[in-house]
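Chain residues, written in single-letter form:
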Amino acid sequence: ADAAGVIVDSLSPLFKKAPAHSLAQLMWFSAEALYSVYTARYQRGLTAITEGLAIAEATGIHLLDMMFLGKGIYHSLATGDLKTAEAFLRKMEAGLEANSCFVNTYYHHMASLLAMHRADFAPAIRHAEISLTLSREAGFPFSIAIHQYALANILFWAGMPDDLPQRIAEIREIGMAARSS
């Protein structure tokens, strides 16, 4: 097994059996859900998401709700469950904050992925453009690169490749500036 898997598997029982719900447990379930995306253990990830959201509801600690919901969309899309992905997106919509750039960027990114999976390209492009605009306004290059890539991918699948070379050039430029190309 991989090193990360050994760590996740060995620590998981400790967090699941903790006597009181806590922010540490929420962080654990969030990390487990993320790890499950990368290892294609989607059911395990959905279980971690469900447990994390239940703890958040029981404790009133909702700091990670948007992350849980977004990961729920990833897991659901990976298994082809658009209905569940849409339910997670509706919960994200209900929690949008007018003044939170990150939450709004993340929501529009997830909405673009869901629309793309439905082959509904007009809203996919619209949401991807919004997430890219919000990233530019925040001035965070890594986020700009991620959302530029997402938009380029959607445009490619929508059959609109005209400006893809410029988009890819910007992504490469950001990567080179960060010495991560």
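Refer to the preceding data block for the structure.
A few points on the structure. Every residue gets a number counted from 1 within its own chain, in the order that chain's sequence is written. Only residues with pLDDT of at least 70 are given local features in this predicted model, and only at 80 or more are side-chain atom pairs given and counted; all residues enter the totals for whole chains, interfaces and linings. To get the side-chain values, take all heavy atoms of the structure and skip hydrogens and water.

Some points on the nonpolar core
Phase 1 of the analysis: Counting residues in hydrophobic clusters, the biggest one holds 26 residues, and the most contacted among them are I73, L89, M92 and M110.
Phase 2 of the analysis: At the level of secondary structure, the elements contributing two or more residues to this core comprise α2 (23-38), α3 (42-59), α4 (65-78), α5 (82-94) and α6 (101-117).
Phase 3 of the analysis: Considering every element that reaches this core, the biggest residue donor is α6, with seven residues.
Phase 4 of the analysis: Among the nonpolar cores identified, the runner-up in size contains 15 residues, and M116, A152, L164 and I171 belong to it. Here, nonpolar core refers to any group of buried Ala, Val, Leu, Ile, Met, Phe, Trp, Tyr and Cys residues whose side-chain atoms link them within 4.5 Å. Each residue's exposure class comes from its accessible area (1.4 Å probe, protein chains only) as a fraction of the maximum for that residue type: buried when under 20%, exposed when over 50%, partly exposed otherwise. Counting from the N terminus, the helices are DSSP H or I runs at least four residues long and the strands are E runs at least two residues long.

A look at the packing of α4 against α6
Packed helices, taken two at a time, are described by their axes: the angle between them and the distance between them.
Phase 1 of the analysis: Where α4 meets α6, the axes come as close as 11 Å, and the angle between the chain directions of the two elements is 15°. Compared by their axis directions, α4 and α6 come out roughly parallel. With respect to the hand of their crossing, α4 and α6 are arranged in left-handed fashion. Facing M66, M67, G70, K71, I73, Y74 and L77 of α4, the residues of α6 in contact are F102, V103, Y106, H109, M110, L113, L114 and H117. Helix axes use the C-alpha atoms of the stretch in contact, all axes being lines fitted to C-alpha atoms, and the angles between their N-to-C directions lie in the range 0 to 180 degrees. Each angle is binned into one of four classes, with values under 35 degrees roughly parallel, values over 145 roughly antiparallel, values of 65 to 115 roughly perpendicular, and all other values oblique. We call a crossing left-handed when the near helix sits turned anticlockwise from the far one by less than a right angle, and right-handed when that turn is clockwise. When checking whether two residues touch, look at their non-hydrogen atoms; a contact exists if any pair is within 4.5 Å.

Examining α5
Phase 1 of the analysis: Taking 1.5 Å as the rise per residue, α5 with 13 residues should run 18 Å; its terminal C-alpha atoms sit 18 Å apart, in good agreement.
Phase 2 of the analysis: A85, F88, L89 and M92 are the residues of α5 that are buried. Around the axis of α5, the buried residues are gathered within 100° of arc, so they sit on the same side. What points out from α5, more than 90 degrees from its buried face, is the exposed set K83, R90, K91 and A94.
Phase 3 of the analysis: Looking at the buried residues of α5, the elements they touch are α3, α4 and α6. Each helix should span, by expectation, one fewer than its residue count multiplied by 1.5 Å. Taken from the helix axis, the directions to the C-beta atoms give the arc we talk about.

Observations concerning the packing of α2 against α4
Phase 1 of the analysis: Where α2 meets α4, the axes come as close as 10 Å, and the angle between the chain directions of the two elements is 20°. By the angle between their directions, the pair α2 and α4 is classed as roughly parallel. Once α2 is placed against α4, the crossing between them reads as left-handed. Here L26, F29, S30, A33, L34, S36 and V37 of α2 lie close against α4, whose contacting residues are F68, K71, Y74 and H75.
Phase 2 of the analysis: In this count, Pro and Cys sit with the nonpolar residues alongside Ala, Val, Leu, Ile, Met, Phe, Trp and Tyr, while Asp, Glu, Lys and Arg are called charged and the others, Gly among them, polar. A per-class count over the contact of α2 with α4 returns seven nonpolar, three polar and one charged.

Considering the environment of L64
Phase 1 of the analysis: Within the fold, L64 resides in the loop between α3 and α4.
Phase 2 of the analysis: L64 sits in the buried class, given a relative accessible area of 14%.
Phase 3 of the analysis: Sequence separation between L64 and M27 is 37 residues, and the spatial gap between their C-alpha atoms is 7.8 Å.
Phase 4 of the analysis: When neighbours within four sequence positions are excluded, L64 is seen to be in contact with L26, M27 and S30.

Focus on the pattern of salt bridges
Phase 1 of the analysis: Every case where a carboxyl oxygen of Asp or Glu lies within 4 Å of a side-chain nitrogen of Lys or Arg is listed as a salt bridge. Under the defined criterion, the tally for this structure stands at four salt bridges.
Phase 2 of the analysis: The salt bridge involving E86 is made with R118; its shortest N-O contact spans 3.3 Å. Taken as a pair, E86 in helix α5 and R118 in the loop between α6 and α7 (121-138) lie far apart in primary sequence, 32 residues in all.

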